[in-house]
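This is what each chain is made of:
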Amino acid sequence: MNRTLLLTTMAVFIAIGTIGSQFLWFPTGIAKAYPVQHAVNVMAAVTLGPIPAVIIAFIIGLLRNLLGLGTLLAFPGGMVGALLAGVLYQWTKKRTLAGVGEIIGTGVIGALLSVPYAKILMDTPVGALAFLPGFLVSSVTGAIIGLLILSRVKNTSIMQQAVSNK
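The structure reproduced in this document is the subject of the present report. (Residues numbered from 1 in each chain as written. Predicted model: local features only at pLDDT ≥ 70, side-chain atom pairs only at ≥ 80, totals over all residues. Heavy atoms only, no water.)

1. Section: the overall build of the protein chain
Link 1 in the chain: Each helix and strand in the protein chain was counted, giving seven helices and two strands.
Link 2 in the chain: Of the regular secondary structure in the protein chain, the N- to C-terminal order runs α-β-β-α-α-α-α-α-α.
Link 3 in the chain: Against the 2.2 N^0.38 benchmark of 15 Å for 166 residues, the protein chain shows a C-alpha radius of gyration of 15 Å, consistent with a compact globule.
Link 4 in the chain: Oriented by its inertia axes, the alpha-carbon framework of the protein chain measures out at about 45 × 30 × 25 Å.
Link 5 in the chain: The burial tally for the protein chain puts 45% of its 166 residues in the buried class.
Link 6 in the chain: The long-range fraction of contacts in the protein chain, counting pairs at least 24 apart against all pairs at least 6 apart in sequence, stands at 70%. (Helix = DSSP H or I, 4+ residues; strand = E, 2+ residues; numbered from the N terminus. Rg over C-alpha atoms; globule rule 2.2 N^0.38 Å. Buried < 20%, exposed > 50% of the residue type's maximum accessible area, 1.4 Å probe, protein only. Contact = heavy atoms within 4.5 Å.)

2. A word on the nonpolar core
Link 1 in the chain: One finds Phe13, Val40, Ile56 and Ala98 to be the most contacted residues of the largest nonpolar core, which totals 22 residues.
Link 2 in the chain: Here the element with the most residues in this core is helix H2 (residues 35-48); it accounts for eight residues.
Link 3 in the chain: Ranked by size, the runner-up nonpolar core spans eight residues in total, among them Ala111, Val115, Ala118 and Phe135. (Core = buried A, V, L, I, M, F, W, Y, C linked by side-chain atoms within 4.5 Å.)

3. Structural notes on the packing of aromatic side chains
Link 1 in the chain: Tallied over the full model, the rule gives three aromatic pairs.
Link 2 in the chain: Considering the side-chain rings of phenylalanine 58 and phenylalanine 75, the 5.5 Å spacing of their centres and the 45 degrees angle between planes classify their relative orientation as tilted. Remark: phenylalanine 75 occurs in helix H4 (residues 74-92) and phenylalanine 58 occurs in helix H3 (residues 50-66); sequence separation between them is 17 residues.
Link 3 in the chain: You can call phenylalanine 58 partly exposed: its relative accessible area is 35%.
Link 4 in the chain: Judged by its relative accessible area of 13%, phenylalanine 75 is buried.
Link 5 in the chain: The interplanar angle of 50 degrees and the centroid separation of 5.7 Å between the aromatic rings of phenylalanine 131 and phenylalanine 135 together place this pair among those described as tilted. Here phenylalanine 131 and phenylalanine 135 have matching classes, each one buried.
Link 6 in the chain: Geometry around tyrosine 34 places arginine 64 over its ring, the cationic atom sitting 3.9 Å from the centre. (Phe/Tyr/Trp six-rings, centres within 6.5 Å; stacked < 30°, edge-to-face > 60°. Lys NZ or Arg CZ within 6 Å of the ring centre and 35° of its normal.)

Have a look at this one:
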């Protein structure tokens with residue numbers, strides 16, 4: 001994939017993740033669930049690979065925080081999920097494992113990483129399992145949405161070009 005197409009595709013994913021978070025979110029205890037972020041993570045991991053997916057997750061989290069649409073918890077959850085989704089897809093070429101990677105990366109690892117992160121940066125002391133339910137609900141919902149979208153666009157020319165040029 002040439003750099004122009006890569007950057008354009010990344011920008012589209014960033015726009016979808018940032019705008020989508022304004023319209024589709026729900027409270028999950030002390031955190032907010034943004035399933036669009038997780039859907040974008042899965043789609044970016046499959047089409048672009050792990051490193052672009054992590055960059056996309058970081059920029060979406062940054063923009064959501066700058067716009068007042070998210071919390072600092074977007075960083076550990078979104079980035080770890082995108083990385084694991086991309087790595088699992090890269091190793092196996094199975095889209096469902098990209099979804100599983102997003103769920104494990106965000107729903108479990110990201111949730112556990114958020115505990116010290118919330119204590120240090122947000123001055124919110126919580127227990128080790130405080131973020132698990134919310135992160136799991138959000139990542140499972142988003143991973144399913146991302147996999148459904150990928151199953152519908154698998155025959156488009158951009159998907160064929162993206163997958164063949166990785």
